[in-house]
Amino acid sequence: MVLLDDPVAMRKADEHGMLEFYMRWPDAIHEAIERAMAIEIPDEVRTRKGIIKYGQPELFAVAGMGGSIIGGDILSDVLQGELSVPVQVCRGYGLPAWVGPGALVVVISYSGNTEETLVAFSEALKRGCMVIAITSGGHLAGFCRKTGVPLLAVPGGRATRMSFPYLFFPLLVFLERFGLAKGLRERAEKTAELLRSMAEELGPERPAQENKAKELALELMGTIPLVYGFKWLRSVAYRLKTQFNENSKIPSFSNWFPAMNHHEIVGWEAEEELLRAFSVLLLRSRNEPPEIRRRIELTKEIALGKASKVLEIWAKGSSKLEEAVSVLYVGDIVSIYLALARGVDPYRTRSIDALKAGMAELKIAEKVKKAIEELI
Ligand code: F6R
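Residues numbered from 1 in each chain as written. Predicted model: local features only at pLDDT ≥ 70, side-chain atom pairs only at ≥ 80, totals over all residues. Heavy atoms only, no water.

## Points about the overall build of the protein
Within the protein one finds 16 helices and eleven strands. For 376 residues, the compact-globule formula gives about 21 Å, and the C-alpha radius of gyration of the protein, at 21 Å, lands near that figure. Across its three principal axes, the protein shows a C-alpha extent of roughly 65 × 45 × 40 Å. Accessible surface computed for the protein: about 16,000 Å², of which carbon and sulfur atoms make up 53%. Charged side chains of the protein number 48 positive and 48 negative; the gap between the two group centres comes to 4 Å. (Helix = DSSP H or I, 4+ residues; strand = E, 2+ residues; numbered from the N terminus. Rg over C-alpha atoms; globule rule 2.2 N^0.38 Å. Areas by Shrake-Rupley, 256 points an atom, 1.4 Å probe, with all protein chains shown as cover. Lys, Arg positive; Asp, Glu negative; His and termini not counted. Charge placed at Lys NZ, Arg CZ, Asp CG, Glu CD.)

## Considering the layout of surface pockets
Taken as a whole, the largest pocket encloses approximately 1,200 Å³ of empty space. Thr114, Thr160, Ile352, Asp353 and Lys356 are, among the 44 residues lining the largest pocket, the residues nearest its centre. Elements with a contribution of two residues or more to the lining of the largest pocket: helix H5 (115–126), helix H10 (234–246), helix H15 (350–359) and helix H16 (364–375). The greatest single-element share of the lining of the largest pocket, amounting to seven residues, is contributed by H10. Residue classes in the lining of the largest pocket are distributed as 14 nonpolar, 17 polar and 13 charged. Elements with a contribution of two residues or more to the lining of the second largest pocket: helix H1 (7–13) and helix H2 (18–23). Taken together, the residues that form the lining of the second largest pocket break down as five nonpolar, two polar and five charged. (1 Å grid on protein atoms, 1.4 Å probe; cavity = no way out; pocket = protein on both sides within 12 Å on 5 of 7 lines; lining within 4 Å. Points joined across faces, edges and corners; volume = space filled by probe spheres on them. Nonpolar A, V, L, I, M, F, W, Y, C, P; charged D, E, K, R; others polar.)

## Digging into the packing of aromatic side chains
What characterises a pair of aromatic rings is the spacing of the ring centres plus the angle enclosed by the ring planes. Scanning all chains against the criterion turns up ten aromatic pairs. The structure contains a cluster of three or more aromatic residues connected by ring pairs, namely Tyr22, Trp25, Phe164, Phe168, Phe169 and Tyr329. The ring of Trp256 has Arg234 lying over it, and the distance from NZ or CZ to the ring centre is 4.5 Å. (Phe/Tyr/Trp six-rings, centres within 6.5 Å; stacked < 30°, edge-to-face > 60°. Lys NZ or Arg CZ within 6 Å of the ring centre and 35° of its normal.)

## Here we look at the nonpolar core
In this structure, Phe60, Phe121 and Leu283 are the most contacted members of the largest nonpolar core, which totals 130 residues. A total of 14 residues in this core trace back to one element, the largest contributor, which is helix H14 (residues 320–342). Not counting residues within four places of it along the chain, the set of residues in contact with Phe121 comprises Val107, Val131, Ala133, Leu140, Phe143, Cys144, Thr147, Val149 and Ile372. (Core = buried A, V, L, I, M, F, W, Y, C linked by side-chain atoms within 4.5 Å. Buried < 20%, exposed > 50% of the residue type's maximum accessible area, 1.4 Å probe, protein only. Contact = heavy atoms within 4.5 Å.)

## Let's talk about H10
In a regular helix each residue adds 1.5 Å, so 13 residues correspond to 18 Å; H10 covers 19 Å between its end C-alpha atoms and thus fits that length. Within the sequence span of H10, burial applies to Ser235, Val236, Ala237, Arg239, Leu240, Lys241, Thr242, Gln243 and Phe244. (Expected span 1.5 Å × (residues − 1).)

## Here's the deal with the sheet that holds strand S6 (residues 130–135)
Spatial ordering of the open sheet is given by S4-S3-S5-S6-S7, a layout of five strands whose pairing is parallel. This sheet does not close on itself; its edge strands, each paired only once, are strand S4 (87–90) and strand S7 (151–153). Taken over all neighbouring pairs, the strand axes of this sheet differ in orientation by 15 degrees on average, direction set aside. Relative to S7, S6 runs parallel, the two sharing three bridges. Bridge assignment links Ile134 to a residue of S7, and that residue is Leu152. (Pairing = 2+ DSSP bridges. Axes fitted to C-alpha atoms, helices over the stretch in contact; angles between N-to-C directions.)

Structure follows, in structure tokens:
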């Protein structure tokens, strides 16, 4: 087990420098915005099926898997109520039937080789959608070069999940560039500055008694975190669950208010020894609506006597975007400290790699490549 107050030992255990990279997220956000502003959006893309004109979209879709797509959910939660077009988040092989001509589909795969995402790319092009891809390389970059689909290239060599700034903030820029929202770039830049003010407080040099992230990681040790969010913190709860899975290598689950009050809450009637395995992590905001606050408080009372820990992360900032990203930032860093405290490498995800290798046998990427060649 690495002591969280020994920065030298932590640096050694965090071989791929995840923590150090999180300290540089504010700069990564600015860089991601600049890159998304700079890419050229063509007037049209031609395929054998016809000409795709890049105009005002009627639907904003985001396609991808895992750490590449979570930004789509967060965007949808944060901007609900201010976007004039629906947002469709597409996971899995293919796209829903209602994603067709008139839709802007941003296809994201950090590696560029995720088979489900490659299928979605090919399907979007076949259907005549306006497509933009975000990737660090792989097949997806190759498909863009072949088809003329605009490509936002992001720096490679890291894990997808730590590259969140490069995969999420460009979506906000695209919404603005396509005339679907206003003022997002400014909000994104303010978010970067908020994280800059938080980085040092959460960083490896700051001792555990003065460091909220280290303190939470130590509290969560030995428990299965149940993360509960609401509205604009709903998908952030899911993000934290996935970070506990992938970075800390533990089971974790998420849910949201008010939905969890209509089913999951009944599970808290179970035997004490069963419930002791869990900790509850509540994502909070000073701006939570009164009905949500009441639900959180009532649920907290129930969990207090039963879960092994009931913990909270309070959002910072003045917009929903800042609130969501500030909680995500704390939670992500907590999951890395938890990995180090548990003596596991936060970076490697062997089970995902093994599964992808097992799937390669079906040669789906090669089939998509052929389908794209036939389309141009
Ligand atoms: C890895 C991670 C995974 C991947 C997923 C899809 O850090 O978070 O969830 O994001 O397996 O791979 P990519 O992102 O390369 O398309």
